[in-house]
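Reading the structure
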Amino acid sequence: MRLSDAILDECLCDPAAPLARDPARCHGFDKLQAQTQLASLKDWLRVQQTMLWANRRDALLLVLQGPDCSGKNGVIRRVLGGLDPLGLSPLSFQAPSEDERQHDFLWRYRTRLPSPGMLGVFNRSYYEALVSDLRDGLCAPADIPLRQAAIESFERQLPTRGIHTLKCYLQLSADEQKQRLHRRLEQPEKRWKLTLGDLQDHRLFAQQQAQWADVLSKSHSREAPWYVIPADHRWLRDLIVASLLAREFERLALDWPARPAPFSHADLDSTS
């Protein structure tokens, strides 16, 4: 049902060259085939997520990073759409507010971690503190090593709280980003999302990708790996993320809670 381990493991970050692979690769799939497989896989994910919620023991945290137009919102809509909203907690992080700046940079993420039974999603994450905060003047270059160490410590604590993290970087090419920005200019339902910052970020695409490659290289580990997802094709991006999520559910080996019924058939029949 999901993609093979060989394909998924091929997306594991290579610390020596995190963004060297082709973001337009297809792994031998076409659009219709990928969409059909995703539709089937989503039915299985829906059952797994319900069992996660029913047991209230573990939590999953899906971390989505990637440049503008790489499809972080699209993954949430297409992969997680249709799941039980009671057990789903998608959060989008923009630049920290004035109130959030009064705390340490991890505070706003720490306070929004998924509770037991929840599938949480961080659309952008604490890794922005190593790139965007530096760009926006919210920290100094000398702060970065300390922040990196703080993130490593933070991620080591998550399994002790029953939180299993899946970190995905959606890799997009500069040409594909330009095409998607052109489409946003042409479509009113998407044009409202645009800011001048999107143009500036596109002009600095290569520089920013080099920064993210450095972050991925330094923060990838066996315990907290990064998966670099080819995102030029939305249909393949979605299927890979869904398959990675399915593999995380498989590792949890969930089942329905073996709890005694709170009442019997006789109790129920006695009400009539």
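Residues numbered from 1 in each chain as written. Predicted model: local features only at pLDDT ≥ 70, side-chain atom pairs only at ≥ 80, totals over all residues. Heavy atoms only, no water.

This brings us to the UniProt feature "domain: Polyphosphate kinase-2-related" (unreviewed entry) in the protein. Within this structure's numbering, the places UniProt gives as "domain: Polyphosphate kinase-2-related" (unreviewed entry) are residues 32-247. In residues 32-247, the share of helix is 50% and the share of strand is 14%. The end C-alpha atoms are 22 Å apart. (UniProt positions renumbered as here; feature names shortened; annotations may be inferred. Helix = DSSP H or I, 4+ residues; strand = E, 2+ residues; numbered from the N terminus.)

This paragraph deals with the pattern of salt bridges. The final tally for this structure, using the stated rule, is 23 salt bridges. With its nearest N and O atoms 2.8 Å apart, the salt bridge here joins arginine 180 to glutamate 176. Here arginine 180 and its partner glutamate 176 are both found in helix α7 (residues 174-186), four residues apart, which amounts to about one turn of the helix. Taken as a pair, arginine 180 and glutamate 176 share a single burial class, namely buried. Through salt bridges with shared partners, a single network forms among Arg2, Asp5, Asp9, Arg247 and Glu250. (Salt bridge = Lys/Arg side-chain N within 4 Å of Asp/Glu carboxyl O. Buried < 20%, exposed > 50% of the residue type's maximum accessible area, 1.4 Å probe, protein only.)

Relative to the elements of secondary structure, arginine 147 occurs in helix α6 (residues 144-157). Residue arginine 147 is classed as buried on the basis of its relative accessible area, which comes to 13%. Apart from the residues lying within four places of it in its own chain, the contact partners of arginine 147 are Phe105, Ala129, Leu130, Asp133, Leu138 and Cys139. (Contact = heavy atoms within 4.5 Å.)

To continue, consider helix α9 (residues 196-203). Among all positions in α9, only Asp198, Asp201 and His202 are buried. The buried residues of α9 occupy an angular sector of 100 degrees when the element is viewed end-on, so they sit on one face. Structural note: α9 exposes Leu196 and Arg203 on the side pointing more than 90 degrees away from its buried face. As for α9, its buried residues are in contact with α5 (132-135), α7 and α10 (205-219). (Arc of directions from axis to C-beta.)

Turning next to the pairing of strand β5 (residues 226-230). Taking burial as the measure, the five residues of β5 include five buried ones, the bulk of the element. Residues Trp226, Val228 and Pro230 point to one face of β5 and Tyr227 and Ile229 to the other, with burial holding for every one of them.

This paragraph deals with the layout of surface pockets. Estimated volume of the largest pocket: approximately 1000 Å³. As for the largest pocket, its lining consists of 45 residues, of which Asp68, Cys69, Lys72, Arg124 and Asp198 are closest to the centre. No other element matches the five residues that helix α3 (residues 72-80) contributes to the lining of the largest pocket. Roughly 530 Å³ of internal volume is contained in the second largest pocket. At the level of secondary structure, the elements contributing two or more residues to the lining of the second largest pocket comprise α6, β4 (163-171), α10 and α11 (234-252). With five residues, β4 is the single largest residue contributor to the lining of the second largest pocket. A per-class count over the lining of the second largest pocket returns ten nonpolar, five polar and eight charged. (1 Å grid on protein atoms, 1.4 Å probe; cavity = no way out; pocket = protein on both sides within 12 Å on 5 of 7 lines; lining within 4 Å. Points joined across faces, edges and corners; volume = space filled by probe spheres on them. Nonpolar A, V, L, I, M, F, W, Y, C, P; charged D, E, K, R; others polar.)

Once that is clear, we can look at the packing of helix α2 (residues 31-55) against α11. In the contact formed by α2 and α11, the axes pass within 9 Å of each other and the chain directions differ by 30 degrees. When the axis of α2 is compared with that of α11, the two are roughly parallel. Between α2 and α11 lies a crossing whose hand is left-handed. Between α2, through Lys31, Ala34, Gln35, Gln37, Leu38, Leu41, Trp44, Leu45, Gln48, Gln49 and Leu52, and α11, the contact on the second element is made entirely by Trp235, Asp238, Leu239, Ala242, Ser243, Leu245, Ala246, Phe249, Glu250 and Leu252. (Axes fitted to C-alpha atoms, helices over the stretch in contact; angles between N-to-C directions. Parallel < 35°, antiparallel > 145°, perpendicular 65-115°, else oblique. Left-handed = near helix turned anticlockwise from the far one by under 90°.)

A word on empty space enclosed by the protein. On inspection of all chains with the given rule, the structure shows one cavity of 30 Å³ or more. Looking at the largest cavity, the residues that line it are Tyr127, Leu130, Gln148, Ile151, Glu152, Lys218 and Ser219. Secondary structure elements with two or more residues in the lining of the largest cavity: α6 and α10. Broken down by element, the lining of the largest cavity gets its largest block of residues, three residues, from α6. Looking at side-chain class alone, the lining of the largest cavity contains three nonpolar, two polar and two charged residues.

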